[in-house]
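# Descriptive analysis of the structure
Listed below are the residues making up each chain.
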Amino acid sequence: LDPGERKPPRQLTSMEFKVARQRIEPLVQAAQASLDRLYLAVGGIGCCVLLADRDGVPVERRGAIADDVTFREWGLWTGSVWSEDCEGTNGIGTCLAEGRALTIHRDQHFFTKNTLLSCTTAPIYDHEGNLAAALDVSSCRADLTEGFVNLIAVAVGDAVRRIEAENFRLAFPEARIVVAPTSEKTPNALLAVDNDDLVVGATRSARIAFGITPEKLARALPAGDL
């Protein structure tokens, strides 16, 4: 990649975008209320909210109509490809590549065309503990201070936990959802337990906290053993 390249991010065709969205449609539906809530928190300071799939393609977006033209020109729009392979270091792509929450602030971006952007992103894991998406808040305001960026990071983290929890509950509608007592380093440790008191599902945090593997879930795993 040439850091001086001025082309906007690649845009998926309408059919490619339809397939990409359908792939994570249950997660998109589970995220609706949290996306609205997050946008209410950050939209007033000129930010947009993007939910991207595991390939770095935003499939859902929240933003002010007055800012739409600007954000579309930047490629901060549904159907744009923000993978690290295509755009180098950037919020969505780097978050997905490294599997951790981060902020790529202005000149930390690889392409010089993106150095006016500030992007705070966190990964979202599905009901099976797999990396499924990324939640991003982006701004191109020059007066966005470090303090605001830190507040945005907290808001994004809270939204991700709500999305993961709602998606998990929807994935196991017949199960009892148990909130497991764990340390603050592993929040959102949820277990899905059936009528026989067997664990049938676990979030990523719960899998890490209790050493739950797919093999253990495939066998009868009594909740009492945890």
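These lines cover the structure that appears in this document, whether it is placed above or below. Every value quoted in this text rests on a predicted model; they were computed, and no experiment measured them.

What follows deals with the nonpolar core. Core analysis: the largest hydrophobic core is formed by 26 residues, its most contacted members being L38, I124, L135, V137, I152 and V156. Among the secondary structure elements, those contributing two or more residues to this core are α2 (25-42), β1 (47-53), β4 (118-125), β5 (131-139) and α6 (146-171). Among the nonpolar cores identified, the runner-up in size contains 15 residues, and L50, I92, L102 and C119 belong to it.

This brings us to the state of the cysteines. Tallied over the full model, the rule gives 0 disulfides. Note on C47: no disulfide assigned, nearest cysteine sulfur contributed by C48 at a separation of 7.6 Å. Judged by its relative accessible area of 1%, C47 falls in the buried class. Here C86 is not disulfide-linked; the sulfur of C119 is the nearest cysteine sulfur, at 16 Å.

Strand order in the open sheet formed by 3 strands is β6-β7-β8, and the pairing between neighbours is antiparallel. At either end of the open sheet lies a strand with only one pairing partner, and these are β6 (176-179) and β8 (199-202). Going from strand to strand, the sheet's axes swing by 30 degrees on average, the running direction of each strand aside. The pairing of β6 with strand β7 (residues 190-193) spans 4 bridges and is classified as antiparallel. Residue pairing for β7: I177 is matched across the bridge by A192. Here α6 sits on the sheet in contact with β6, β7 and β8, set at roughly 10 degrees to β7.

Here we come to helix α5 (residues 91-98). The element α5 is largely enclosed, with a buried count of 6 among its 8 residues. All of the buried residues along α5 are G91, I92, G93, T94, C95 and L96. Summarising the contacts, the buried residues of α5 are in contact with β1, β2 (58-62), α4 (84-87), β3 (102-105), β4 and β5. Sitting at the head of α5, N90 places a side-chain oxygen 3.2 Å from the backbone nitrogen of I92. Directly after α5, the chain includes G99, whose backbone phi takes a positive value near 65 degrees.

Applying the stated rule across the entire model yields 2 aromatic pairs. On the basis of an interplanar angle of 70 degrees and a centroid distance of 5.3 Å, the ring pair of F110 and F111 is categorised as edge-to-face. Given the relative accessible area of 31%, F110 is considered partly exposed. Centre to centre, the rings of F168 and F172 are 5.0 Å apart; their planes meet at 55 degrees, and the pair counts as tilted. For the pair F168 and F172, one class covers both residues: buried. The ring of Y125 has R204 lying over it, and the distance from NZ or CZ to the ring centre is 4.1 Å.

Cut-offs used in this document
Residues numbered from 1 in each chain as written. Predicted model: local features only at pLDDT ≥ 70, side-chain atom pairs only at ≥ 80, totals over all residues. Heavy atoms only, no water. Core = buried A, V, L, I, M, F, W, Y, C linked by side-chain atoms within 4.5 Å. Buried < 20%, exposed > 50% of the residue type's maximum accessible area, 1.4 Å probe, protein only. Helix = DSSP H or I, 4+ residues; strand = E, 2+ residues; numbered from the N terminus. Disulfide = S-S within 2.5 Å. Pairing = 2+ DSSP bridges. Axes fitted to C-alpha atoms, helices over the stretch in contact; angles between N-to-C directions. Contact = heavy atoms within 4.5 Å. Polar contact = N/O pair within 3.5 Å; in protein donor to acceptor, adjacent residues only side chain to side chain. Phe/Tyr/Trp six-rings, centres within 6.5 Å; stacked < 30°, edge-to-face > 60°. Lys NZ or Arg CZ within 6 Å of the ring centre and 35° of its normal.

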